[in-house]
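Inside the fold
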Amino acid sequence: MRRREFIALLGGAAVAWPLAARAQQPGKLPIIGFLGATTPTIHGQWAAAFAQRLRELGWIETRSIAIEYRWAGGRNERYAEIASEFVRLKVDVIVTWGTAPVVAAKRATAVIPIVFTTAGDPVATGLVASLARPGGNVTGLSNQIPDLAGKRLELLREIIPDLRRLAILSNIGSPIGMLETGEVQAAARTLGLEVLPLEIRRAEDIAPAFESLKGRAQALYVVAEPLIGSSRVRINTLALGARLPTLHGLREYVEAGGLMSYGPNAPDLFRRSADIVDKILRGTKPRDIPVEQPTKFELMINVTTAKAIGLSVPESFLSRADEVIE
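The shown structure was predicted, so the numbers you read here are calculated from the model rather than taken from an experiment. (Residues numbered from 1 in each chain as written. Predicted model: local features only at pLDDT ≥ 70, side-chain atom pairs only at ≥ 80, totals over all residues. Heavy atoms only, no water.)

**Topic: the sheet that holds strand β12 (residues 323–325)**
Taken together, the seven strands give an open sheet; going across it, the order is β7-β6-β8-β9-β10-β11-β12, and neighbouring strands pair in mixed fashion. Bordering the open sheet on either side are β7 (194–200) and β12, each of which pairs with just one other strand. Taken over all neighbouring pairs, the strand axes of this sheet differ in orientation by 20 degrees on average, direction set aside. In terms of strand pairing, strand β8 (residues 219–222) meets strand β9 (residues 246–248) through two bridges, oriented parallel. Paired with Tyr221 across the two strands is Leu247, which belongs to β9. Together, β6 (165–171), β7 and β8 form the strand contacts of helix α7 (residues 175–190), whose direction differs from that of β6 by roughly 170 degrees. In this fold helix α8 (residues 206–213) packs onto β6, β7 and β8, with an angle of close to 155 degrees to the strand it touches most, β7. (Pairing = 2+ DSSP bridges. Helix = DSSP H or I, 4+ residues; strand = E, 2+ residues; numbered from the N terminus. Axes fitted to C-alpha atoms, helices over the stretch in contact; angles between N-to-C directions. Contact = heavy atoms within 4.5 Å.)

Listed below in structure tokens is the structure:
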């Protein structure tokens, strides 16, 4: 019997047992369904941070816990398929990130606990009733911080003082992507910037969007979400060809050739989500676990990219960065 079938059998046989008791039953492994929004190549290190923290908490894969990994590749239709598969497997917890995958999991089940490792505005998008009292079967960590978009734009203006025209690349099919786009637009207006929206729905829309932008913008704000994350190398390559500075919310985009980022430390969020899963497996209900927010933020700058597009970054700025890629 293959491992996947064996785990599914165990999950079906154990579903009637209380979670707290199940961990004490020999051979009755709790199952975590890990719905990766992108691919293991792109975000495998996030999954590794999650699994490492579980081990530190005493949950050893194949010995005291089973983890079923599925990766959606940033494709919206795959979120619902994977969530439905986890329901059939009778997993004990579903772990994912990004608003669209969480919505898909929530539609698939109102019973199985769902933990989001990072989500934009979980209250505004209807994932939870409130941060303090999530209600239902969903909880996790929010990366929605007031004025974060404004902070990013202020940092960008430090290295582009004459910035006046800003393009914003966003996935129009992403609820949280559109929320962040609105926040960026509001922050840009406050700073007196002209905004040029670049809206996509599929990876195939990215190149035409850049083509329409030729010579019209001085910088590009890239709204992070799974579809765009899966295409971040392509986006940065096109931006480099257009000699266009890029601004991101996650370090992984800068590691893939983007110019700069400011935002939460994603591996830290995944480690903290493991603590939430630990509580659930030991009997705490998701509705009783408040949604947490980031505590670590980092500024990243890629000076190799800066040199390639002819941009000089002040030494005072580099000295404040948490990491400089050369």
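**Quick notes on the nonpolar core**
With 68 residues, the main nonpolar core has Phe34, Phe50 and Val277 as its most contacted residues. No other element matches the eight residues that helix α12 (residues 266–281) contributes to this core. Residues Ile159, Ile160, Ile168 and Val313 belong to the second largest nonpolar core, which totals 31 residues. (Core = buried A, V, L, I, M, F, W, Y, C linked by side-chain atoms within 4.5 Å. Buried < 20%, exposed > 50% of the residue type's maximum accessible area, 1.4 Å probe, protein only.)

**Focus on the confidence of the model for the protein chain**
The predicted coordinates should not be examined in detail at positions where pLDDT is low. On average, residues of the protein chain carry a pLDDT of 89, and 91% of them reach 70 or more. Within the protein chain, the element-level pLDDT minimum falls on helix α2 (residues 19–22), averaging 37, and the maximum on strand β3 (residues 93–96), averaging 98. Note on residues 1–26: pLDDT is under 50 here. Beyond four places in sequence and across chains, it has 33 contacts. (pLDDT = per-residue confidence, 0-100.)

**Brief notes about the sheet that holds strand β2 (residues 66–71)**
Taken in spatial order, the five strands make up an open sheet running β2-β1-β3-β4-β5, and their pairing is parallel. Edge positions in the sheet fall to β2 and β5 (138–142), since each of these pairs with one other strand and no more. Between one strand axis and the next, the sheet turns by 20 degrees as a mean value, whatever way the strands run. Pairing between strand β4 (residues 114–119) and β5: four bridges, direction parallel. Looking at β5, one finds that Val115 is bridged to Thr139. Its contacts with the sheet put helix α3 (residues 40–56) on β1 (31–36), β2 and β3, and the angle it makes with β2 is roughly 165 degrees. Running at roughly 165 degrees to β4, helix α5 (residues 99–108) makes contact with β1, β3, β4 and β5 of the sheet.

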